[in-house]
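# Breakdown of the fold
Here are the chains, one letter per residue:
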Amino acid sequence: MLERYKILKDYRGPQDLKEFDYKTLEELAKEVRDYIIQVTSKNGGHVGPGLGVVELTIALLRIFNPPEDVIVWDIGHQGYPWKILTDRKEEFPTLRQYKGISGFLRREESIYDAFGAGHSSTSISAALGFRMAKDLKGDKDSYVVAVIGDGALTAGMAYEALNNAGHIRPERFIVILNDNEMSISPNVGAISTYLNRIISGHFVQETRQKIKSFLQHFGETPLRLMKLTEEFLKGIISPGVLFEELGFNYIGPIDGHNLPSLEETLRNVKDIKGPVLLHVYTKKGKGYKPAEENPVKWHGVAPYKVESGEIIKKSSPPTWTSVFGKALVELAERDEKIVAITPAMREGSGLVEFAKRFPDRFFDVGIAEQHACTFAAGLAAEGMRPVAAYYSTFLQRAYDQVIHDVALQNLPVTFAIDRAGLVGDDGPTHHGVFDLSYMRCVPNMVVCAPKDEQELRDLLYTGIYSGKPFALRYPRGAAYGVPTEGFNKIEIGTWEELIQGEDAVILAVGYPVYQAVTAAERLLKEGIKVGVVNARFVKPMDEKMLEELASRYELFITVEDNTVVGGFGSGVLEFFARKGIMKRVVNLGVPDRFIEHGKQDILRRLVGIDAESIEKAVKEALLGKIY
C-alpha cells in the first residue's frame, strides 16, 4: 500500500520531518490522511480524530524531540498520524487486528508512546507526573506536552489536573487544547459553550455590525482601528481568562492546520516561563468529505467504501444496543417518569431515537461518568425512573458514586451496561470484563444479563420497576435474532433450566448461554448428557435452584463473559462453601490478565467461552483433567 505514496513510502522517521520544506510537508500531510482513510476503510477505526491532527502531529515532531521530550496524547484515538510518523508506518495496515498494532497508544508498542490511554481526560495528570519526575531527577532541559481535546475538557479530571499544575507552576510544561468543537457526540456543558459562545453571541455580533457600518462612512483607517480593538477585546473576554485564572499562560486560539504558524507559535511557547496552554482550532475529519460533514458518525466507524463513505454492512440480526434503545423508547412512551442519562454516548448507547422523541427526558452530561451516576441518583430520589446508559469500561470511572450515592441509599437507578464482555477491536482499554465482579460485591445491587433480545427487554422492564439499584449488562455487536414482542416481568433472582442432563450441568450467564446450549447439543450426539441453566441473575442467585441442582449433578461448569476473578463462577463457589456442599466446579471466563484486541469471535475462542471451547472443557472435566 505504501508504494502509492511519493513521500511516505521512503519516509524514515521524525528526523526526516525536520529536513522537509513546507511544500513537501503539505504533500506528506495529504498522504498521511489518505493512508489513514485506506487502512480504516478496511479495518474500521477512529477516522475523524486522526484526520484532524495531522499538521499538529507534524509540528510536534519537528519542534520537539521525543522520546526525550514527552508527548502525551489524550485518549489516543487521535494518535493514528503519530503512529505513522514515528515508527509504525509499515505496521499501520494491521491496525486493530488480532496480533496487530493497537487502535490506541500503548507504552509496550513504541518508545514514542509515553503514556497509554483509552479513556479520556487523563493526559494532563499523566503529563504533570512526567514533568515532576523529570524535575526530581534533575532533568530541567526536556519538555513535557499534553495534547487534550475531542471533548475531554468536559470531564472533571482535566480540571483537577489543570488546577494542580497551575498551583505547582512547572517550567517546560505545555498543554495543547485541540479544539474541534466536538467530542464523540457534540460537546455539551457550560465549559464547552463558553469556548465558543461569547464572540458568536447576538449582542456582540450585532454591535460589531452596527459599528462597522457606521465606520465605513469614514474610510479604511477607522475600520483597521476597529479590527485591532476587536482583537484586543477578544483577548480580554476569550476562554483564555479561565485558563489564566487557573495559573496558565494562555496562547491562542490559532489555526491548527496552518503548519508555519503552528510551528512558529510552538517555538515561542517553548521560551515562556511557567505552564502554558496553547489553544488550537482543528477540523475533525479534515481531508475526507464524509467525515467533515458528519463528524459524529465518523468519530469511529466500521469498514466503509472510500469513494462514497458508505458503511459496508453485513447481513446480521439487530445489535444488542439497538434492541435496548428500541425497548427504552417503547417503555418511555408509556411512562413519563422514565428518563435516560448518558456520559457522551448518545449514538454508541443507542439513545438517538430516545433523544429525538423525548428531548426533555434525555440528558447527555458530557464525558462526566461520575456526575452522570449521582445525577441519576438525584432523579431517582425525586421519584423519576432513571436509566443510566454506560459502556461497561466507562462505568468503572463512576464506581464510588455507584456505591456511595446509589446503592448505599438503595435508590432505584437502572444501569444499562453496554459493551459488557469482550468488545473486540478496541482491546483491553475497552473490554467490559470486570462489571460482574465489581457490581456483584455491592450491597443492594441486582446484577443480571440476558441470554437473548427478548430477555433483554424483559430484564430492562423488570429493572425499571424493581424499585432497586439494578445493573443490566449486555455485549457489543449483533444479537441472536430472537423475535421480540411486549414486556414480561421476571422474578428477581430466578434462573431458567433450559436442558436437563445427567453427566454435568453448565451454568451460563448472558451471551454464553446459547453457546452452552450448542455445546450441549453436540455432546448429546456423543452420548454425553449435559444440562444447561440460564443463570440470568448473578445477584441474587437462584439459590433454591442451585441447591436442587447440587442434588442431581457432581460436575458444574460455569461460563461468563467476565473475569473469573470474583465473577459469577466465584459466586457459585462461595455458595457451595457456605452451604458445605462438595462439588467439582470448573470456571470458564476471562483469565486474570488483560486480553488483547481482535475480533470478538477470535477473543471468545481464545479465552474459551465459545461453543467449541465449552464442549472441549466439559469433555476434559469428565475425563478428570484439572483446570
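Each remark here, short or long, concerns the structure printed above.
Notes on the structure in this doc start here. (Residues numbered from 1 in each chain as written. Predicted model: local features only at pLDDT ≥ 70, side-chain atom pairs only at ≥ 80, totals over all residues. Heavy atoms only, no water.)

## Some words on the nonpolar core
- Within the largest apolar cluster, 80 residues are counted, with the highest numbers of intra-cluster contacts made by F324, L328, F415, M439, W495, L507 and F556.
- Excluding residues within four positions of it along the chain, M439 makes contact with L395, V402, F415, I417, M445, V447 and A471.
- One finds L17, L51, L60 and Y143 within the second-largest nonpolar core, a separate group that totals 56 residues. (Core = buried A, V, L, I, M, F, W, Y, C linked by side-chain atoms within 4.5 Å. Buried < 20%, exposed > 50% of the residue type's maximum accessible area, 1.4 Å probe, protein only. Contact = heavy atoms within 4.5 Å.)

## Some thoughts on unusual backbone geometry
- A cis amide bond links P66 with the next residue in sequence, P67, at an omega value of 10 degrees.
- Position of P67 relative to the elements: it lies in the loop between helix 4 (54-63) and strand 1 (70-73).
- The omega angle of the peptide bond from G252 to P253 is 0 degrees, so this bond is cis rather than trans.
- Turning to its location among the elements, P253 is positioned in strand 4 (residues 249-255).
- Even without a glycine there, the phi angle at R169 is positive, about 55 degrees. (Helix = DSSP H or I, 4+ residues; strand = E, 2+ residues; numbered from the N terminus.)

## Considering the pairing of strand 5 (residues 276-281)
- In terms of burial, strand 5 is largely enclosed, as five of its six residues are buried.
- Across six bridges, strand 3 (residues 173-179) lies against strand 5 in parallel orientation. Its bridge partner lying in strand 5, I174 is registered against V276.
- In the sheet, strand 4 pairs with strand 5 via five bridges, with the strands oriented parallel. Across the sheet, residue D255 finds its bridge partner in strand 5, namely Y281. (Pairing = 2+ DSSP bridges.)

## Structural notes on the sheet that holds strand 16 (residues 555-563)
- Taken in spatial order, the five strands line up as 12-14-13-16-17 in an open sheet, and their pairing is mixed. The open sheet has two free edges, formed respectively by strand 12 (496-499) and strand 17 (584-590), since each of these has just one partner strand. Strand-to-strand twist in this sheet, taken as the mean axis angle between neighbours without regard to direction, amounts to 25 degrees.
- In this sheet, strand 17 lies alongside strand 16 in parallel orientation, the contact comprising six bridges. For V559, the partnering residue across the bridge sits in strand 17 and is L588.
- Contacting strand 13 (504-508), strand 16 and strand 17, helix 23 (residues 568-579) runs over the sheet at an angle of about 140 degrees to strand 16. (Axes fitted to C-alpha atoms, helices over the stretch in contact; angles between N-to-C directions.)

## Some points on the pattern of salt bridges
- Overall, the coordinates contain 42 salt bridges when judged by the stated rule.
- We note a salt bridge from R106 to E596, for which the minimum N-O separation is 2.6 Å. Of this pair, R106 sits in the loop between helix 5 (80-86) and helix 6 (123-136) while E596 sits in the loop between strand 17 and helix 24 (600-607), placing them 490 residues apart in sequence.
- For E596, a relative accessible area of 33% gives the class partly exposed.
- A salt bridge links D435 to R473, with the nearest nitrogen and oxygen atoms 2.7 Å apart. In this pair, D435 is assigned in helix 19 (residues 435-440) and R473 in strand 11 (residues 470-473), connecting sequence segments 38 residues apart.
- Since its relative accessible area comes to 5%, R473 is described here as buried.
- A network of salt bridges, in which partner residues are shared, links K83, D87, R88, E109 and D113. (Salt bridge = Lys/Arg side-chain N within 4 Å of Asp/Glu carboxyl O.)

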